[in-house]
Amino acid sequence: MKALLEEIRQRLRHDVIQDACAELDGASDGGHHARTLPFDVSLSRPGFGDASSNAAFLLAGRLKMSPSDIARAISAKYNERNPLGGLVVRSVPHPSGHVNFEADWAQLSEIILSGAGLDTFGDSEIGGGTPVTVEHTSVNPNKALHIGHVRNIIIGDTVSRILRKSGHAVKVLNYVDDSGLQVADVVVGFRHLGFSMDPPPGKTFAQYCGDEIYVKTTQRYDSDPSLEGLRRDTLREIEDGSTEAAKLAGVITRRVLADQLQTCWRLSVYYDCLNFESHIIRSGMWGAVFDKLKDMNLVDLDRSGGKNDGCWVIRDAHGAGAGRGEDTGISDGSSGSSGSSNARAIRKESPPEENRDKVIVRSNGTATYIAKDIPYAAWKLGLVDDPFGYVRYDVEQPGGTTLWQTALGRSDGAMNFAGERVITVIDSRQSGLQRIVSDLMGRFKSSGSAYVHLAYESVTLSSDTARALGMETDKRQAHMSGRRGLYVDADSVYEELRKKAAAETLKRHPDMGDPDVARISRDISVGTIRYEMIKQDLDKVIAFDMERSLSLEGDTASYIQYAGARASRILEKAGREPPDAVDFGLLGGEDAEVALIRAIGSFEMAVEDAARNLSPKVVARYCHDLAVSFNAFYERSRVLGLDDPGLEDARLYLVRSFRFAVTRALGLVGISAPDVM
RNA sequence: GGGCCCAUAGCUCAGCAUGGAUAGAGUGUUGGACUUCUAAUCCAAUGGUCAAGGGAUCGAAGCCCUUUGGGCCCGCCA
């Protein structure tokens, strides 16, 4: 389909518009219009040909004529100039002013359907081999993953797959905050509150830590405020690195991480490297970056005598001043520092600026939370010397890629995980802080868009599901809370879905063996979870409802998988491969056939759309539309048992192409398409 | 007080970046289609002042401004 649009675009640009203008209005400069008109050629909606251009609307203003008349002239000129050959049969003007085009489906079908079987089907080169580093997951290693984390993980993994498909060289990181307060909390629990190191039967270590230790320890803080000091001390000991507390923290976080990775791997999510915060802290990267910030005048030592006195701060980090419009002016060229200090002087005249400043080093000399993100961001962009060694992770990662982890002072090989672009997947509550990091990276590296915070709205619990977890709420939704134990565990959701999918599969195939049922129900439950997490836009809050999420009908992964299984069954029953050469002109007797071919042929455009906008939803919707087209075809056009062997061959070829296409499209969002359901 | 995001059918959402033809799905409700390549499917009916108001445009669900309602963020916590 992309070839069709490109052909029309070029012919319009080349001579059609120019000649049509000359004919309509001899005085106008048709050549100028042809060169400068920002017209578009896109796929038509059903009933209006195959492709459509808005050129006539745009010319209407310039020529002071009605779009309808101009459309007529363009179509006439197109047909006159291109009487034969090419993918377009004819151009047809529409009274509304759209210029429509009808494709030569015999030719186009052959291109599309033969392409669908290739390994490169849907590949795009828009990435041009650019190294891109994606970071996602990054869950504190003191708890099992809940359904809110799953959204992050699936978005991150799917975006990575899409970028890879569109020609980017992608590396995927998972940041492990193994020395934060949340880890300190479980260490306090194990060391001082008498919890056993062994989880109860039926729970993973990660679930045990999150459900029991973390929740109960934070409850104890509330009833016994004196523990607060213990918590502080423990955090310091962990950051120190050489203490007993640090060793215990290391053991706990490694065990929790191992469980978290099992959950991720089960969902077909894989990584290239695990980055440990403790390594970042001990690497000395912060000092180097802090010096650079000081050199570049991006931080100030606050001497105002106000509440931030004695702290290093980033001025005007919050509020309107952080907007991107202002940045381009300041960061542009070498006059940057004078420009920014000038702007700063002006700002100081308005009184309450102080609370817009962001403290990054406390008056006692320690770095704040956001300060840890800054060197890491710079490292991801390759802006600092890499202090890490890399060793293989202890457990082999399924999926074929090697999983590395950072190390200090030892290394199994030289690695480079830096990207020209960096995409960090974090929920939108962090947008404020991420904006600061992003702005700083823009100053470090002149291209301002190199560091992207890919934000998404959170997952909340529907009132029904919240109630089922023991929380009474009169609101429509409730926010999850790790501290209060109010969340839905990812493994449990998977397990519920798997049981339901297995039951549904057995209902249809009572004699099927256990391994097959297991494989199919796994594909369905993984697919269902992944699809639910990406099918809507990133800026929509998802109110997770346990009941509703178990549905396998309608706009779900299983709908799409089912269409694939139906296609497989036809191919199986046919008992033969379609011939290499079929008469593609026979496909088109039914509208559903053309619609299906058109859907198959739109894959590459969906990939590019998704990659450009970092939008997994685009591919999810593509998969759904593809399945809808196939089901319509399936209902209307019989494939097997036709009297017409030529038509049967052609339709069989179409079915096989669809089967390839749906497998690849689902694969792009990390979903397998089973042959039988 | 400042900032970010959302508002389209009873419910959950596409469409908005790049304005153009009859605003689409799913779900729900009602009715219909399995002796046929799998009914996890399909067909039909039902359901919309695109939050409100204003502006620019030949033309707005989409762009600009204002307002309302909702969510989130704004600590020398992490």
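Data block above holds the structure.
Residue indices begin from 1 for each chain and proceed along its sequence in written order. Here chains are named by letter from A upward and ligands by number from 1 upward, in the order in which they appear as written. Whole-chain, interface and lining totals are the exception, using all residues; otherwise, since this is a predicted model, local features are given only for residues with pLDDT of at least 70 and side-chain atom pairs are given and counted only at 80 or more. Derived side-chain values reflect all non-hydrogen atoms in the structure, with water molecules and hydrogen atoms excluded from consideration.

Undergrad: Looking at this structure, I do not really get the protein's contact with RNA strand B. What am I missing?
TA: In the vicinity of RNA strand B lie 63 residues, with Phe48, His98, Arg362, Tyr562 and Arg569 positioned nearest. Close to the protein, within 4 Å, the atoms of RNA strand B belong to sugar or phosphate groups at a rate of 62%. With respect to RNA strand B, the backbone of Asp309 contributes an N or O atom lying 3.2 Å from a base nitrogen. Polar contact criterion, stated in full: a pair of N or O atoms within 3.5 Å, where within protein one must be able to donate a hydrogen and the other to accept it, and residues adjacent in sequence count only if both atoms are side-chain atoms. Contact between RNA strand B and His479: a phosphate oxygen at 2.9 Å from a side-chain N or O atom of the residue. Of all elements in the fold, only α15 (369–380), α18 (490–508), α21 (557–574) and α24 (616–636) reach the threshold of two or more residues within the surface near RNA strand B. Elements are defined by DSSP. Helices are runs of H or I of four residues or more, strands are runs of E of two residues or more, and each kind is numbered from the N terminus. The element best represented in the surface near RNA strand B is α21, accounting for 8 residues. Its residues assigned to classes, the surface near RNA strand B comprises 20 nonpolar, 19 polar and 24 charged. Note on terminology: near, applied to a residue and a molecule or strand, indicates that one of the residue's heavy atoms is within 4 Å of it. Charged means Asp, Glu, Lys or Arg here, nonpolar means Ala, Val, Leu, Ile, Met, Phe, Trp, Tyr, Cys or Pro, and polar covers whatever is left, Gly included.

Undergrad: Can you help me understand the pattern of salt bridges in this one?
TA: Opposite charge on two side chains permits them to pair, given that their charged atoms come into close proximity. By definition, a salt bridge exists where a carboxyl oxygen of Asp or Glu is found within 4 Å of a side-chain nitrogen of Lys or Arg. Scanning the entire structure with this criterion turns up 49 salt bridges. Residue Arg231 is joined to Glu228 by a salt bridge in which the shortest nitrogen-to-oxygen separation is 3.1 Å. With Arg231 and Glu228 both in helix α9 (residues 227–240) and 3 residues apart, this pair spans about one turn of that helix. A relative accessible area of 32% means that Glu228 is categorised as partly exposed. A salt bridge links Arg566 to Glu635, with the shortest nitrogen-to-oxygen separation between them at 3.6 Å. Taken together, the residues Arg566 in helix α21 and Glu635 in helix α24 connect sequence positions 69 residues apart. A simple rule labels every residue: compare its accessible area, found with a 1.4 Å probe on the protein chains alone, to the largest value its type can have, and call it buried under 20%, exposed over 50%, or partly exposed in between.

Undergrad: Would you take a moment to explain the packing of helix α7 (residues 181–192) against helix α10 (residues 244–266) for this structure?
TA: When two helices pack together, their arrangement is captured by the angle between the axes and the distance separating the axes. To define axes, lines are fitted to C-alpha atoms, for helices over the stretch in contact only, and angles between the resulting N-to-C directions are given on a 0 to 180 degree scale. Two elements in contact, α7 and α10, have axes whose closest approach is 10 Å; the angle formed by their N-to-C orientations is 105°. Relative to α10, α7 is oriented roughly perpendicular. Here Val183, Val186, Val187, Phe190 and Arg191 of α7 lie close against α10, whose contacting residues are Glu244, Ala245, Leu248, Ala249, Ile252 and Thr253. Of the residues that constitute the contact of α7 with α10, the class distribution is 8 nonpolar, 1 polar and 2 charged. Here roughly perpendicular refers to angles of 65 to 115 degrees, roughly parallel to angles under 35, roughly antiparallel to angles over 145, and oblique to all remaining angles. Note on definitions: a residue-residue contact is assigned when non-hydrogen atoms from the two residues lie within 4.5 Å.

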